[in-house]
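Each chain, written out:
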Amino acid sequence: MHDRITGRPSAHATLAFYDDQHPPAGDFLADVLDGFSRTPKQLTPVYFYDAKGSAIFDEITALPEYYVTRTELAILDRIGPELAALAGPGAVVIEPGSGSSVKIRKLLNALSEPAAYVGLDISGEHLEAACQEIAADYPALQVGAICADFTQGLDLSHLPLESGRRIIFFPGSTIGNFEPNGAHALLAGFRRAMRPGDAVLIGADRVKDPATLVAAYADAQGVTARFNLNLVERINRELGGTIDAGALSHEAVWNPDFNRIEMHLRADADQQFDVAGRTFQLREGESIHTENSHKFTPDSFTSLAKSVGFDVLHTWSDEAELFSLHWLEPSAKA
Ligand code: AVI
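Throughout what follows, the structure given in this document is the object of discussion. (Residues numbered from 1 in each chain as written. Predicted model: local features only at pLDDT ≥ 70, side-chain atom pairs only at ≥ 80, totals over all residues. Heavy atoms only, no water.)

## A short note on the layout of surface pockets
And step 1. The calculated volume of the second largest pocket comes to roughly 200 Å³.
And step 2. Taken together, 14 residues line the second largest pocket, and the ones lying closest to its centre are Pro180, Phe258, His294, Lys295 and Phe296.
And step 3. Contributing elements (two or more residues each) for the lining of the second largest pocket: helix H6 (180-192) and helix H9 (298-308).
And step 4. Ranked by residues supplied to the lining of the second largest pocket, first place goes to H6 with three residues.
And step 5. A class-by-class count of the residues in the lining of the second largest pocket yields seven nonpolar, five polar and two charged. (1 Å grid on protein atoms, 1.4 Å probe; cavity = no way out; pocket = protein on both sides within 12 Å on 5 of 7 lines; lining within 4 Å. Points joined across faces, edges and corners; volume = space filled by probe spheres on them. Helix = DSSP H or I, 4+ residues; strand = E, 2+ residues; numbered from the N terminus. Nonpolar A, V, L, I, M, F, W, Y, C, P; charged D, E, K, R; others polar.)

In structure tokens form, the structure reads like this:
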């Protein structure tokens, strides 16, 4: 298996390894055609994050209504010494999705002499740049990158990794964007890659009053509306779509049956549009369902973790109990 590790070609000069697991590219066109053929129409939120969508998402994280990012960062600041004690010296930090460099830096700075950092992402270009920045700023750290679809499991077995305790870091409540089956499968994939004593540090947004939740996803400045609309604009840009984005309205609603915020694009008027030669109709008032963001109670998160074979050993929250970080370890019984 070592032949998949490309070693140290010049482009990856500052990385200890770059493992290209050749993730299949998501089929944007097929997924869009499939989603528009359903009733109700739906799109997959993974496609929000083109360059423009990622930049708008960064704006979202700074919005006054979007408490998620600043609350998680404040919890991370507060619990640094506890995390250092739990992880011990020489930890190997693995970050599926390697997203916000601010969060990973907080964790690396808090830990006592971490030995290694491994970023994992489906987008090789983004991943390599992010990992090289970490490598440049943490010269004592072994930094590696794995270009892979982490939703299909983590394959770490063949990597020349330092031997310390492995901590899988999955912040941001990204777990909430998966459907319950997908969240279970994702955590099960993490679980399979872990040895006794390894841990997952995971962020999960909490169930709270619907007004706070809706405001976080329907902000006054309309940034989240731009984020949502960028998805159909991307379809127009990349797939030659003819959707009239100006006749769609952003909507965020709390669905108490599933404990989730739903984002929709609702048609202001009837429209007919084409994507790749296929014609679709949207009736006035009909919606395109673009995202679910599931929220958790301590109990619902614990039962998800337990169902996968984890014990939740620690849960940290802010004072207002808006957001939680959880420390999971493989259950001795599993
Ligand atoms: C990335 N994810 C955790 C965000 C969330 O809160 O569900 C995505 C997002 N969608 C709208 N605002 C933020």
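## As for the pairing of strand S5 (residues 142-147)
And step 1. Counting buried positions over the six residues of S5 gives six, a clear majority of the element.
And step 2. Both strand S1 (residues 17-20) and S5 contribute to a ladder of four bridges, which runs parallel. Across the sheet, the residue bridging to Tyr18 is Ala145, located in S5.
And step 3. In the sheet, strand S4 (residues 116-121) pairs with S5 via six bridges, with the strands oriented parallel. Looking across to S5, one finds that Gly119 is bridged to Ala145.
And step 4. Handedness of the crossover joining S4 and S5 through helix H5 (residues 124-137) is recorded here as right-handed. (Buried < 20%, exposed > 50% of the residue type's maximum accessible area, 1.4 Å probe, protein only. Pairing = 2+ DSSP bridges. Right-handed = clockwise from strand over helix to strand, strands pointing away.)

## Concerning the site of the ligand
And step 1. Lining the immediate surroundings of the ligand are 14 residues, of which Tyr66, Asn177, Tyr217, Glu291 and Ser293 lie closest.
And step 2. One of the side-chain N or O atoms of Tyr217 is found 2.5 Å from an oxygen atom in the ligand.
And step 3. The contact in question runs from an oxygen atom of the ligand to an N or O atom on the side chain of Ser293, over 2.7 Å.
And step 4. Protein chains bury 96% of the 340 Å² of accessible surface belonging to the ligand in isolation.
And step 5. In terms of residue class, the shell around the ligand is made up of seven nonpolar, six polar and one charged. (Near = heavy atom within 4 Å. Polar contact = N/O pair within 3.5 Å; in protein donor to acceptor, adjacent residues only side chain to side chain. Areas by Shrake-Rupley, 256 points an atom, 1.4 Å probe, with all protein chains shown as cover.)

## Concerning the sheet that holds strand S3 (residues 92-96)
And step 1. Strand order across the open sheet formed by eight strands is S1-S5-S4-S3-S6-S7-S14-S13, with mixed pairing between neighbours. Of all the strands in the sheet, just S1 and strand S13 (310-317) have a single pairing partner and so form its edges. Within this sheet the neighbouring strands show an average axis-to-axis angle of 20°, counted without direction.
And step 2. By the bridge criterion, six bridges tie strand S7 (residues 199-205) to strand S14 (residues 323-330) in an arrangement that is antiparallel. (Axes fitted to C-alpha atoms, helices over the stretch in contact; angles between N-to-C directions.)

## A word on the packing of aromatic side chains
And step 1. Inspection of the entire model under this criterion finds 14 aromatic pairs.
And step 2. Between Phe36 and Phe280, the aromatic rings sit 5.5 Å apart at their centres with planes inclined by 55°, giving tilted as the arrangement. Of the two residues, Phe36 sits in helix H1 (residues 28-36) while Phe280 sits in strand S11 (residues 278-282), which places them 244 residues apart along the sequence. Each member of the pair, Phe36 together with Phe280, is buried.
And step 3. Measuring from ring centre to ring centre gives 6.5 Å for Phe57 and Tyr66, while their planes differ by 80°; the resulting arrangement is edge-to-face. (Phe/Tyr/Trp six-rings, centres within 6.5 Å; stacked < 30°, edge-to-face > 60°.)

## Comments concerning the sheet that holds strand S2 (residues 41-42)
And step 1. As summarised here, the arrangement of the four strands in space is S2-S12-S9-S8, forming an open sheet in which the pairing is mixed. Lying at the two open borders of the sheet, with one neighbouring strand each, are S2 and strand S8 (248-255).
And step 2. Note: S8 against strand S9 (residues 260-267), eight bridges, orientation antiparallel. Following the sheet pairing, Trp254 is matched in S9 by Ile261.
And step 3. The sheet strands contacting helix H7 (residues 210-217) are S8, S9 and strand S12 (287-294), and the helix crosses S8 at an angle near 150°. (Contact = heavy atoms within 4.5 Å.)

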